[in-house]
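Spelled out, the chains give:
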Amino acid sequence: MKLVRFGAVGEEKPGMIDADGVLRDLSAHIADINGAHLSDATLAILKGLDPSSLPAVEGSPRLGACVGDIGKFLCIGLNYSDHAAETGAAIPEHPILFFKANSAVVGAYDDVIMPRGSTHTDWEVELGVIIGKECKYVSEADALDYVAGYCVINDVSERHFQTQLTGQWTKGKSCDTFGPTGPWLVTKDEVGDVQNLAMTLDVNGKRMQTGNTNTMIFTVAQIIEHLSGLMTLHPGDVITTGTPPGVGMGIKPEPVYLKKGDVMELTIEGLGVQRQTVGQDA
C-alpha cells in the first residue's frame, strides 16, 4: 500500500493511493497515518479494504509528511561507502547517530526555506524507515519485522551550522523545513529488497546524486539492531539512513550550495518523487 496524509498544514487526513494513482480518503477508517495506526493488525485491515469503495479525493490537495506525530527523527550519517569516500571520511565502526528536530518535518512538495543568512545549505536524498511496533534489543535477523514501511527523505543540511557553530550535527540538520518526508509511506510488503533501491537527486534538472541502497555501510536491519540496543524505538519513529555521493559539499574544486529559487527533485525506486523549491528567510 501507498499511504498518504493530505490537506492543509495541521489539518491532514489519512489517504491511500490506489492502483490507478487515485487518492482515496481513509478518514472513515483511521484518524491519521501515525504511530497509533501502523501496527501489523491495522495495516492488514487497511490492505483488506476495496480501494474503489473509498471516496476519491477531488483536485490536487497538498500532501503532508507521510507520517504524523513523529516521535523520534533519528538520522544516520556517513552510511554510504561511496559518500564517505567523496568527503574523505573514514568508514565508521558503528552507525553515526544524530537527531533532526521534528519541527523540520514538512511534506514532499513543500518549499525548503533556508535560514536567515544561510549560504551553505545542501541536499541529501535518503531512504526513510518508519517503525511500526515497539522494539528493544532486536536482532538483525528480526529487525525488519518491526518496520511499517519506507519513504523518501531529503535530509537538508546547513553545512556551516553543522560544522562551524560548535557542537553536534543537529544544529545544521534541524532548521525549519529541513525534513521533507514522503510523498507516501510504502508498506514493506510492496518494497521488495530494501538493500537494492536506486536513488537520485537533481537540482534545477541537473543530476547531482546517483546511488543505490546496496552501498550502505550498515543495512537497515543492522541500524535497527544497533539503535534498539540503545533506546526503545516506538511506532511512528522515523530513521533516515544516510545519503549516496553527489552532495554539494563534496563537489570539486569548490563546493556548490543551494540558492533561492533552486528546485530539487528526489526519487527512490518504488517510493515516489519529491520536489521542493528553495526559499530563504529575510
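J.: Explanation requested: the overall build of the protein in the structure shown.
T.: Within the protein, the regular secondary structure consists of six helices and 18 strands. In terms of overall size, the protein behaves like a compact globule, its C-alpha atoms giving a radius of gyration of 18 Å where 282 residues would be expected to give roughly 19 Å. On the principal axes, the C-alpha backbone points of the protein span a range of 55 × 45 × 30 Å. Residue burial in the protein is summarised as follows: out of 282 residues, 55% are buried. Considering only residue pairs separated by 6 or more positions, the protein has 75% of its internal contacts joining residues 24 or more positions apart. Per element, the accessible surface of the protein, about 11,700 Å² overall, is 53% carbon and sulfur. Computed over 21 positive and 36 negative side-chain charges, the separation of the two mean positions in the protein equals 4 Å.

J.: How do you make sense of the side chain of Ser157 when you look at a structure like this?
T.: Following the sequence through the fold, Ser157 ends up in strand β11 (residues 157–158). With a relative accessible area of 0%, Ser157 lands in the buried category. Side-chain polar atoms of Ser157 contact the side chain of Glu124, separated by 3.3 Å. Setting aside residues up to four positions removed in sequence, Ser157 forms contacts with His120, Thr121, Asp122, Glu124, Gln162, Gly172, Lys173 and Phe178.

J.: How should the packing of aromatic side chains be read in this particular structure?
T.: What describes a pair of aromatic rings is the distance from one ring centre to the other and the angle between the planes of the rings. Per the stated rule, a full pass over the model turns up one aromatic pair. Lying across the ring of Tyr146, Lys133 places its NZ or CZ 5.2 Å from the centre. In this arrangement the basic side chain of Lys136 is found over the ring face of Tyr137, its NZ or CZ atom lying 4.7 Å from the centre.

J.: I'm lost on the environment of Phe178 in this one. Help?
T.: Along the chain, Phe178 falls in the loop between α4 (170–173) and β12 (179–180). For Phe178, a relative accessible area of 0% gives the class buried.

J.: Got a minute to help me understand the sheet that holds strand β1 (residues 2–6) in this structure?
T.: Sheets are built from strands paired through backbone hydrogen bonds, the pairs being either parallel or antiparallel. With mixed pairing, nine strands are arranged side by side in an open sheet as β3-β2-β1-β13-β10-β9-β16-β4-β5. Strands at the two margins of the open sheet, each flanked by one partner only, are β3 (23–25) and β5 (96–99). Ignoring which end each strand starts from, the neighbouring axes of this sheet average 30 degrees apart. Pairing analysis gives four bridges linking strand β4 (residues 73–77) to β5, with the strands arranged antiparallel. By the bridge assignment for β5, Ile76 is matched with Leu97. Here helix α6 (residues 220–228) sits on the sheet and contacts β4, β5, β9 (125–131), β10 (147–154) and β16 (238–240); the angle it forms with β9, its principal contact strand, is near 55 degrees.

J.: So what exactly am I meant to see when it comes to the pattern of salt bridges here?
T.: Where side chains of opposite charge bring their charged atoms close, a pairing between them can arise. Following the criterion strictly, the structure yields 17 salt bridges and no others. One salt bridge connects Lys2 with Glu190, and the closest N-O pair in it is separated by 2.5 Å. Taken together, the residues Lys2 in strand β1 and Glu190 in helix α5 (residues 188–191) connect sequence positions 188 residues apart. A relative accessible area of 38% means that Glu190 is categorised as partly exposed. One salt bridge connects Lys173 with Asp155, and the closest N-O pair in it is separated by 3.0 Å. Of the two residues, Lys173 sits in helix α4 while Asp155 sits in the loop between β10 and β11, which places them 18 residues apart along the sequence. The buried category is assigned to Lys173, whose relative accessible area is 2%. Here the salt bridges share partners, and the residues they tie into one network are Lys100, Asp122, Glu124, Asp155, Arg159 and Lys173.

What counts and how
Residues numbered from 1 in each chain as written. Predicted model: local features only at pLDDT ≥ 70, side-chain atom pairs only at ≥ 80, totals over all residues. Heavy atoms only, no water. Helix = DSSP H or I, 4+ residues; strand = E, 2+ residues; numbered from the N terminus. Rg over C-alpha atoms; globule rule 2.2 N^0.38 Å. Buried < 20%, exposed > 50% of the residue type's maximum accessible area, 1.4 Å probe, protein only. Contact = heavy atoms within 4.5 Å. Areas by Shrake-Rupley, 256 points an atom, 1.4 Å probe, with all protein chains shown as cover. Lys, Arg positive; Asp, Glu negative; His and termini not counted. Charge placed at Lys NZ, Arg CZ, Asp CG, Glu CD. Polar contact = N/O pair within 3.5 Å; in protein donor to acceptor, adjacent residues only side chain to side chain. Phe/Tyr/Trp six-rings, centres within 6.5 Å; stacked < 30°, edge-to-face > 60°. Lys NZ or Arg CZ within 6 Å of the ring centre and 35° of its normal. Pairing = 2+ DSSP bridges. Axes fitted to C-alpha atoms, helices over the stretch in contact; angles between N-to-C directions. Salt bridge = Lys/Arg side-chain N within 4 Å of Asp/Glu carboxyl O.

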